[in-house]
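Understanding the architecture of this molecule
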Amino acid sequence: MDLQLSRAARWIDEEADLLAVVLRSQIDLRFWADYVSTGPDEAAFLNEVNIDAQELHEKMDKASPGALQPLPVRMGKRIKLTRSNDEEEYAFCVVAGFPASRSELARLTG
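A few points on the structure.

Basis of the calculations
Residues numbered from 1 in each chain as written. Predicted model: local features only at pLDDT ≥ 70, side-chain atom pairs only at ≥ 80, totals over all residues. Heavy atoms only, no water. Helix = DSSP H or I, 4+ residues; strand = E, 2+ residues; numbered from the N terminus. Areas by Shrake-Rupley, 256 points an atom, 1.4 Å probe, with all protein chains shown as cover. Patch = residues over 30% accessible without salt bridge, like charges linked within 9 Å, V, L, I, M, F, W, Y side chains within 5 Å. Salt bridge = Lys/Arg side-chain N within 4 Å of Asp/Glu carboxyl O. Buried < 20%, exposed > 50% of the residue type's maximum accessible area, 1.4 Å probe, protein only. Contact = heavy atoms within 4.5 Å.

1. Quick look at the overall build of the protein
Across its full length, the protein holds 5 helices and 0 strands. When the helices and strands of the protein are read in sequence order from the N terminus, they spell out α-α-α-α-α. Total accessible area on the protein stands at roughly 8,700 Å², and carbon and sulfur atoms take up 58% of it.

What follows is the structure in structure tokens.
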């Protein structure tokens, strides 16, 4: 974590978008590692990249019917993700650039 903080200090005068991407990636990685390490059913999350490809293929096929070869295997359904607490939800919204209402912001910040 110290490495990320030292990078953040060096980027303080730079654009915020790069720092936001790094922080969001750290939050996502923490959640991902915690989640998939809890058991084999949760490790199904590792198929998300295949589901991304499947969804992209479906959209491209809808845009240009018959132009693509069908995918060999259907990969399943996307897993619904949730944050572990209000602090994590607030941090995710901030770095992802999601607007929050005043009442939601007050609830998340206490």
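Moving on from the model shown.
2. Notes on a nonpolar patch on the surface
Residues Leu 29, Trp 32 and Leu 46 make up a contiguous nonpolar surface patch of roughly 280 Å² in combined accessible area. Note on placement: Trp 32 falls in helix H2 (residues 16-36).

3. Some details on the environment of Leu 68
Looking at the secondary structure, you find Leu 68 in the loop between helix H3 (48-63) and helix H4 (86-96). Accessibility expressed as a relative area gives 30% for Leu 68, which makes it partly exposed. Sequence-wise, Leu 68 and His 57 are 11 residues apart; in three dimensions their C-alpha atoms are separated by 8.0 Å. Sequence-distant contacts of Leu 68, that is, excluding residues within four places in its chain, are made with His 57, Met 60 and Asp 61.

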